Amino acid sequence: MAAIQDPVQRDDEIDLSELLGTLSDHKWLIGIITGVFVLLSIAYAMLTTPIYQATSVVQVEQKVPSLPGLSALTQTLGASSPEATTETALITSRMVLGAAVDELKLAIEAHPRRMPIIGKYFARKYAASNPGLVSPPLFNKVEYDWGGSKLEIFQLDVPDSLLDQPLTLIAGRNGAYELVDADENVLVSGKLGQTSSGHGVTMQVRTLVANPGTQFRVFRHRRLTVINGLQSAINVNEEGKESGILKMTYDNPDPQLAANVLKEVGELYVQQDVNRNSAEAANSLKFVREQLPNVRRDLERATAALNAYQIKAHSVDISMQTQGLLDQEVDIQSNIQKLRLQLADMQRQYTPEHPAYKALVQQIGQLEAQKGGIDKRVGDLPDTQQQLLKLKRDVQVSNDTYTGLLNQAQQLDIARAGTVGNVRIIDSSAVDITRPVWPRKTIIVLGGTLLGAFVALVFVFIRQMLNRGIEDPAVIEKIGLPVYATIPISPREQTLQQNMRLHGRGKQRLLVMDAPADLATEALRSLRTSLHFARLEAKNNVLMISGSSPDVGKTFVAANLATVVAQSNQRVLLIDGDMRRGSLHKLVGGRAEVGLSELITGQAELAAATRQVGLMENLHFIARGKLPPNPSELLMNARFSALLEHLKPLYDLIIIDTPPILAVTDAAIIGHHAGTALLVVRFGINQAREIALARQRFEQNNVPLKGAIFNAVEKRSRGYYSYAYYGVGLPSR
């Protein structure tokens, strides 16, 4: 018994010519798939809603200290430019975006209902060519907007259960409307410009332009949900490293809404910066004003003490040496006083561990040390001079401090009133309505073309990999079956088969009769010649045509082969041996009743079951008969053997069409009576292992296969049936 072997040897190497051949063989399929993708991409580019981009540019300048008197602190620390990440986070903060949501009422969403896929396209086209007008309903669909409808809601308050839930507003006549929920329950009935309430819903419509019956989708979103959506949609990027130039972009199908959102966000961002700087000046002014009364009281006490001492000591002036020490001490004491004020102001912003706080304390300590040195020198003066110097120092220090605070209060008041901030809008929000950012039609069509070509190539190669059907007759020969003929696929035969399915049976549909010059007909004539020599060694004149699986074309081969043999002046009998699904009668004409099954069971005579095919006197046909319940048992009946023995001398050739060998055993039973057995292999359908298994099945039943017929061969770039064209131009035999 021959072992089943996989005759197909595949290499891991890539055969470039084979790949190119595969592409050439499927060029129409690749073109069709690519074309479908191109059409889909064009439709998408035409029908999709355009997305417009609003842009705005703001500048964040280096913050210059604006608080007089206290600016030394910033000078001590050094100024630095703001970080882009900090400003980006500030622009997209809930503080800024929340105010924009409230101002523009973005938590209320309302848009007209449109027919899916094409509705938005019609609406855009109509609105572009008829500004300010409302399109009449198309296709009697009054619930849809076809262009020009508009709804603006000034107020919409709903219960928590209806937040983010779809509601429907139905436009009525003369500005009337109804608001219904998803269950079509009426929540509010109102009129344009009036506040209406009901079922926990309060609503006021500002603008309503639509045909009566037009529906609008309405949502009342949660405020935080809208803010989070804006944070994701608004992009802020710094133009250049550490440039302080920030570019903001926002995309939206409504160009006016996109511009308004970005305009509002930019203005609110600038305003909050002004408010922040103004608040800083106001806080410092408050601190200075709180210190003024205390310093004035100190000045008054120091002046009174000096006057009293001068009267008591009868001393009015101090010496030159004492005056010099006084000037130094007053200068140091004034600086200490200023630094202490700065330290008190800093305590509201920083902890004692902050480097700036520590630096200020260190400066005060240094001045205190200088003051201590002067105090030692003052100790060497007479008591009267010491006391007078001390009192005059207190007066001058208090007077300088008080004067400085008065000036500082005036400057802070001016700074607070004139604060402009360090942020300014360079380019206000704008949208180019002539160039939407999406869809980019050229890119979409080009991308669709490339994607279609890629999908087509992947599909072709995957199908080629998964389709292990035989496409080369050399594979059949490796199994051990000589290929007697390769029959190319015939477009005319496909037309005949289609007509047979559409118009029923009863009419003859033989290819060799309908198209004698067809390539498939020439291939059948070649098979006739090959069989003539093969039958010389056969034990009888019975030829069995079988296949490994259904739908390989064995019935087509049997009927047309019988016809071309009969055309060579040989008496031929064609028998439909498939008593399960036999369909030979559909090709040669007539009905299946009264045939082989009736002959074997004795229900009909041979003369009644045998019929002539058309006008061909040399070709006779026995149909399958009625479908019996036990076809295999009938074929094993002695009457079948006796029937064949009776028919052999009456004909030059008896051709029997049998069921597939791998499906049932009928072919193996009939094969014992046949002198020649051929197996039909269909191009691209039957696998090599399947053919090898069919051959093994016949050999197990002692039925040798003479060879194979390669049927329905398609033209391939690799030239698998170039020799099938041998009959072109040759005369019919």
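Bear in mind the structure is a predicted one, so any value in this text is a computation, not a measurement. (Residues numbered from 1 in each chain as written. Predicted model: local features only at pLDDT ≥ 70, side-chain atom pairs only at ≥ 80, totals over all residues. Heavy atoms only, no water.)

Here's the deal with a nonpolar patch on the surface
Okay, step 1: A surface patch of nonpolar side chains, amounting to about 540 Å² of accessible area, comprises Leu451, Phe454, Val455, Val458, Ile462 and Leu466.
Okay, step 2: Structurally, the position occupied by valine 458 is in helix α12 (residues 441-466). (Patch = residues over 30% accessible without salt bridge, like charges linked within 9 Å, V, L, I, M, F, W, Y side chains within 5 Å. Areas by Shrake-Rupley, 256 points an atom, 1.4 Å probe, with all protein chains shown as cover. Salt bridge = Lys/Arg side-chain N within 4 Å of Asp/Glu carboxyl O. Helix = DSSP H or I, 4+ residues; strand = E, 2+ residues; numbered from the N terminus.)

Regarding unusual backbone geometry
Backbone phi values are negative for most residues with the exception of glycine, while trans is the configuration of most peptide bonds.
Okay, step 1: Going from tryptophan 438 to proline 439, the amide bond is cis rather than trans, its omega being 5°.
Okay, step 2: Phi at alanine 712 is positive, roughly 55°, even though this residue is not glycine.
Okay, step 3: Inspection of the secondary structure assignment puts alanine 712 in strand β20 (residues 707-713).

Concerning the confidence of the model for the chain
The predicted coordinates of low-pLDDT regions are not to be read in fine detail.
Okay, step 1: Looking at the chain as a whole, its pLDDT mean stands at 83, while 83% of the residues score no less than 70.
Okay, step 2: Across residues 1-12, where pLDDT falls below 50, the model places 16 contacts with residues more than four positions away in sequence or in other chains. (pLDDT = per-residue confidence, 0-100. Contact = heavy atoms within 4.5 Å.)

Considerations on empty space enclosed by the protein
Rolled over the atoms, a probe with the dimensions of a water molecule shows which regions are left empty.
Okay, step 1: For the structure shown, the criterion picks out two cavities of 30 Å³ or more.
Okay, step 2: Of the pockets and cavities examined, the largest cavity occupies roughly 50 Å³.
Okay, step 3: Taken together, Arg528, Leu531, His532, Arg535, Leu543, Val565, Gln570 and Leu653 form the lining of the largest cavity.
Okay, step 4: If one sorts the elements of the lining of the largest cavity by residue count, helix α16 (residues 519-534) sits on top with three residues.
Okay, step 5: Classifying every residue of the lining of the largest cavity gives four nonpolar, two polar and two charged. (1 Å grid on protein atoms, 1.4 Å probe; cavity = no way out; pocket = protein on both sides within 12 Å on 5 of 7 lines; lining within 4 Å. Points joined across faces, edges and corners; volume = space filled by probe spheres on them. Nonpolar A, V, L, I, M, F, W, Y, C, P; charged D, E, K, R; others polar.)

Some details on the packing of α16 against helix α17 (residues 554-566)
Okay, step 1: Two elements in contact, α16 and α17, have axes separated by 9 Å at closest approach and are oriented at 75°. Taken together, the axes of α16 and α17 lie roughly perpendicular to each other. Together, Leu524, Arg525, Leu527, Arg528 and Leu531 of α16 and Phe556, Val557, Asn560, Leu561, Val564 and Val565 of α17 make up the contact between the two elements.
Okay, step 2: A breakdown of the residues in the contact of α16 with α17 according to their chemical character gives eight nonpolar, one polar and two charged. (Axes fitted to C-alpha atoms, helices over the stretch in contact; angles between N-to-C directions. Parallel < 35°, antiparallel > 145°, perpendicular 65-115°, else oblique.)

Focus on the packing of aromatic side chains
Okay, step 1: Under the definition given, this model contains five aromatic pairs.
Okay, step 2: Taken together, a centroid distance of 5.6 Å and an interplanar angle of 70° make the contact between phenylalanine 139 and tryptophan 146 edge-to-face.
Okay, step 3: Residue classification places phenylalanine 139 among the exposed residues on the basis of a relative accessible area of 56%.
Okay, step 4: The class for tryptophan 146 is buried, based on a relative accessible area of 2%.
Okay, step 5: Relative to phenylalanine 710, the ring of phenylalanine 683 has its centre 5.9 Å away and its plane inclined at 50°; by these criteria the two rings are tilted. Taken together, the residues phenylalanine 683 in the loop between β19 (676-682) and α24 (688-700) and phenylalanine 710 in strand β20 connect sequence positions 27 residues apart. (Phe/Tyr/Trp six-rings, centres within 6.5 Å; stacked < 30°, edge-to-face > 60°. Buried < 20%, exposed > 50% of the residue type's maximum accessible area, 1.4 Å probe, protein only.)

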